[in-house]
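Take a look at the letters that make up each chain.
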Amino acid sequence: MVMLAQNFIPPLTWIYQQAIAWARIIASIALFIGLISLVRVHTTKLKRKVAGSQYSYVTLFALCYMMLAGLLTRYHFFVWLHDKSDAGSTGDYIVSVFENAFNFQELFLNIQIPIQATMFSLLAFFIASAAFRAFKARTFEATLLLIAATIVMLGRVPLGQMIPGISEITTWILEVPNTAAKRGIMIGVGLGMSSTALKIMLGIERTYLGMKD
Amino acid sequence: MSFLRFLLRMDRRLVFVLVALAVVTPLIMPLNLPIEVTQPVRQLHTAIDRLAARSRPVIVSVDYDPSTVPELMPMTLAVLRHCFSKEIPVIVTTMLPAGAGLARDAMETVGREYPNLSYGTDYVYMGYKPGYMLVMLGIGEDFHQTYPSDGFGTPSSELPILKNVKNYDDIAMVVDFTGTQAYEIWIMFAHQKYGCKVGAGVTAVMASDAYPYLNAGQLEGLLGGLSGAAEYEKLIDKPGDATVGMDAQSVVHILVIILIILGNVAYFATRREGHTTQTAARQRGGRE
């Protein structure tokens, strides 16, 4: 209610500014809660020795390694070590080896990106297989969807755009029926959110406090 | 009929092999298909193109993780190249933890291509900040309080590019690249509350969701998937990964369409055959 009021009463704007600052701090703390939760889940798995628990070692190792790499890079630990050692000496060479092994950005670019991109790319294979097996014109609605999907798929790639008129039909599908349907859904969701917010503010909806009504 | 039966019982691994061939072949032997620029892409290009050199900065928000890199990184690079070539100051940021490395990589990749521009004066990397809408609202109140330092720990007050940036009034535009609904939050807060222009680049499957905002004028322009990126590359005349990838995407789309048609033909033909067999059996049963 205070946040609502500050919108109309300019002297209360400082409350809004303070709330934003505090909420940002809370959001940062949420990251730590996530971290603690991840560690707890995997240590529990390891203790109970459930099936596939060996992967928890990988997760925890990767977590610790990346955290260490991030901290060492952020606080310029290797730059400090380089300064302490003589240029070209064996010590300097060893520091360089560790610097490369704990280079956070390089680890991210060369390990995490290929892994995640590969996982997501597998979708192309499954989508093609699923489309072949399940995308059937069984009903009128399914037929409409199938025709629209085929046209949009053609209209979004150069090979399909060579067919006269396909680009125009694709644009029309996206801008007219698609937009109309999306707007309907969005207005419905918006009204639902507003009514729920009102119910909470007026004390009608109290289940979030653990009460039954 | 045997062919149709084969289609219905086809091992899905055969489909996987066909998809793999459809992706790899055009990458090895490019078809160099012509790319047609669509209106939403042209709109974003025009909006950025109208900004004056060394004017107010553009915020480029890299709100995606490595899973959507093949689609979203080419468009991020294309927009950054456009801004850098016009000497428009750029503030690179991210609202996702996994986006931090990508944002930095995109900025450094394009930064290397423009040695005449310098870090801190012409472009800056602000790193990751948690809390999506809180960060967006915070920028509207006080940029320096929200980002006291850049992504490398340099105080924001020491960076020339940020000296005159107080809030959205000092930002020319926000361009959000995302595989999430982050662009909607930028629209809600940066555009609706503070009146800042917003453009978006999203994955192909999400592009249809963004059309209502585009038609309402809440989005300056929209890049949808790899095709959007390829179109932008064409507009700035700097072909990149998206242009190369469009050949593969074309062939895969055609393959999927052929598979859908074959699947439907086989389904209806065998269903009719099944129906005819059942009717004949029923007729035989009646005679007996």
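As a convention, each chain's residues are numbered from 1 in the sequence order in which they are written. Both sets of labels track the order of writing: A upward for chains, 1 upward for ligands. Whole-chain, interface and lining totals are the exception, using all residues; otherwise, since this is a predicted model, local features are given only for residues with pLDDT of at least 70 and side-chain atom pairs are given and counted only at 80 or more.

(A) Local environment of the overall build of chain A. Each helix and strand counted, chain A has 9 helices and 0 strands in total. When the elements of chain A are put in sequence order from the N terminus, they spell out α-α-α-α-α-α-α-α-α. The globule rule used here is 2.2 Å times the number of residues to the 0.38 power, and the radius of gyration it is set against is calculated over C-alpha atoms. A compact globule built from 213 residues would reach a C-alpha radius of gyration of about 17 Å, whereas chain A, at 28 Å, exceeds it by more than 25%. Its C-alpha atoms give chain A principal-axis dimensions of about 75 × 60 × 45 Å. Here a strand is any run of E in DSSP of at least two residues, a helix any run of H or I of at least four, and the numbering for each starts at the N terminus.

(B) Structural view of the overall build of chain B. Across its full length, chain B holds 11 helices and 6 strands. On C-alpha atoms alone, chain B measures out to a radius of gyration of 25 Å, which is more than a quarter above the 19 Å that the 2.2 N^0.38 rule sets for 288 residues. With the C-alpha coordinates aligned to their principal axes, the bounding extent of chain B is approximately 95 × 40 × 30 Å. Buried, partly exposed and exposed are defined by the number of other C-beta atoms within 10 Å of a residue's own C-beta, namely 20 or more, between the two limits, and 12 or fewer respectively, with C-beta atoms placed from the backbone. Residue burial in chain B is summarised as follows: out of 288 residues, 51% are buried. Throughout, a residue-residue contact means that the two C-beta atoms, derived from backbone geometry, are no farther apart than 7 Å. Of the contacts made within chain B by residues no fewer than 6 positions apart, 73% connect residues no fewer than 24 positions apart.

(C) Representation of the nonpolar core in the model. All names here are of chain B. The nonpolar core is taken to be a set of buried Ala, Val, Leu, Ile, Met, Phe, Trp, Tyr and Cys residues joined by way of C-beta atoms within 7 Å. Ranked by size, the top nonpolar core spans 99 residues in total, and within it V58, V92, A106 and A210 carry the most contacts. Top element by residues in this core is helix α4 (residues 69-85). It accounts for 10 residues. With residues up to four places along the chain from it excluded, the contact list for V58 reads L51, C83, I88, V90, A172, M173 and V175.

(D) Representation of helix α2 (residues 13-48) of chain A in the model. All names here are of chain A. Under the convention used throughout, the expected extent of a helix is 1.5 Å for every residue step, that is, one less than its residue count. Between its first and last C-alpha atoms α2 spans 52 Å; for 36 residues at 1.5 Å apiece the expected length is 52 Å, and the two agree. Among the 36 residues of α2, 1 are classified as buried, and the element is accordingly described as predominantly exposed. Of the residues flanking the end of α2, it is K49, one or two places downstream, whose phi is positive at about 55 degrees.

(E) Spotlight on helix α5 (residues 99-113) of chain B. The end-to-end C-alpha distance of α5(B) is 21 Å, a good match for the 21 Å that 15 residues give at a rise of 1.5 Å each. In terms of residue burial, α5(B) counts as a mostly covered element, since 11 of its 15 residues are buried. For α5(B), the secondary structure elements touched by its buried residues are α6 (104-134) of chain A together with β1 (58-63), α4, β2 (90-94) and β3 (123-128) of chain B.

(F) How the structure looks around the interface of chain B and chain A. If you look at the interface, chain B gives 43 residues, while chain A gives 45 residues. Of all the elements in the fold, those that place two or more residues in the side of chain B that touches chain A are α2 (12-28), α4, α5, α6 (132-141), α9 (204-215) and α11 (241-287) of chain B. Sorting elements by how many residues they give to the side of chain B that touches chain A places α11(B) first, with 14 residues. Think of it as three bins: nonpolar holds Ala, Val, Leu, Ile, Met, Phe, Trp, Tyr, Cys and Pro, charged holds Asp, Glu, Lys and Arg, and polar takes everything else, Gly as well. Class assignment for the residues of the side of chain B that touches chain A results in 23 nonpolar, 13 polar and 7 charged.

(G) Molecular detail of the environment of B:M133. Residues and elements named next belong to chain B. Tracing the chain through its elements places M133 in helix α6. We classify M133 as partly exposed; it has 17 C-beta atoms within 10 Å. Between the C-alpha atom of M133 and that of V37, which follows or precedes it by 96 residues, the distance is 32 Å. When neighbours within four sequence positions are excluded, M133 is seen to be in contact with I185 and F189.

(H) Representation of the sheet that holds β3(B) within the structure. Residues and elements named next belong to chain B. Whether two strands pair comes down to DSSP finding at least two bridges between them. The strand order across the open sheet built from 6 strands is β3-β2-β1-β4-β5-β6, with neighbouring strands paired in parallel fashion. The open sheet has two free edges, formed respectively by β3 and β6 (222-224), since each of these has just one partner strand. Strand after strand, the sheet turns through a mean of 15 degrees between neighbouring axes, direction not considered. Bridge count for β2 against β3 is 4 bridges, and the pairing is parallel. Paired with T94 across the bridge in β3 is Y128. Comment: axis = line fitted to C-alpha atoms, over the contacting stretch for helices; angle = value between 0 and 180 degrees taken between N-to-C directions. Sheet contacts for α9: β5 (198-202) and β6; angle to β6, the most-contacted strand, approximately 160 degrees. The sheet contacts of helix α10 (residues 225-235) involve β5 and β6, and relative to β6 the element is tilted by about 125 degrees.

(I) Focus on the domain arrangement of chain B. Taken as a whole, chain B is organised into domain 1 (2-30 + 248-287) and domain 2 (39-239). Boundaries of every domain are those given by an automatic assignment or by a domain database. Each of domain 1 of chain B and domain 2 of chain B was reduced to a C-alpha centroid, and the two centroids are 44 Å apart.

(J) Broad picture of the confidence of the model for chain B. For chain B, the mean per-residue pLDDT works out to 91, and 94% of the residues sit at or above 70. Listed scores for the predicted complex are pTM 0.87 and ipTM 0.82. Confidence of the predictor at the level of single residues is captured by pLDDT, which takes values from 0 to 100.

(K) Up close: the packing of α4(B) against α10(B). Residues and elements named next belong to chain B. Two numbers describe how α4 lies on α10: the axes approach to 8 Å, and their chain directions differ by 20 degrees. Judged on the interaxial angle alone, α10 and α4 are roughly parallel. Crossing of α4 over α10 shows left-handed handedness. The segment α4 lies against α10, with E71, P74, M75, A78 and V79 engaging G225, L226, G228, A229, Y232 and E233. Looking at the contact of α4 with α10 residue by residue, the classes come out as 7 nonpolar, 2 polar and 2 charged. When an angle is under 35 degrees it counts as roughly parallel; over 145 it counts as roughly antiparallel; between 65 and 115 it counts as roughly perpendicular; any other value is oblique. A clockwise turn of the near helix away from the far one marks a right-handed crossing, whereas an anticlockwise turn of less than a right angle marks a left-handed crossing.

(L) Quick look at the environment of B:L72. On the secondary structure map, B:L72 appears in helix α4. Those residues in contact with B:L72, other than ones at most four positions away along the chain, are B:Y64, B:F177, B:G179, B:G201 and B:T203.

(M) Inspection of unusual backbone geometry at higher detail. For A:K49, which is not glycine, the phi torsion reads 55 degrees and is therefore positive. Along the chain, the position of A:K49 falls in the loop between α2 and α3 (54-74). Phi angles above zero are rare outside glycine, and B:D237 is one such case at about 60 degrees. Inspection of the secondary structure puts B:D237 in the loop between α10 and α11. The exposure class assigned to B:D237 is exposed, which follows from the 8 C-beta atoms found within 10 Å.

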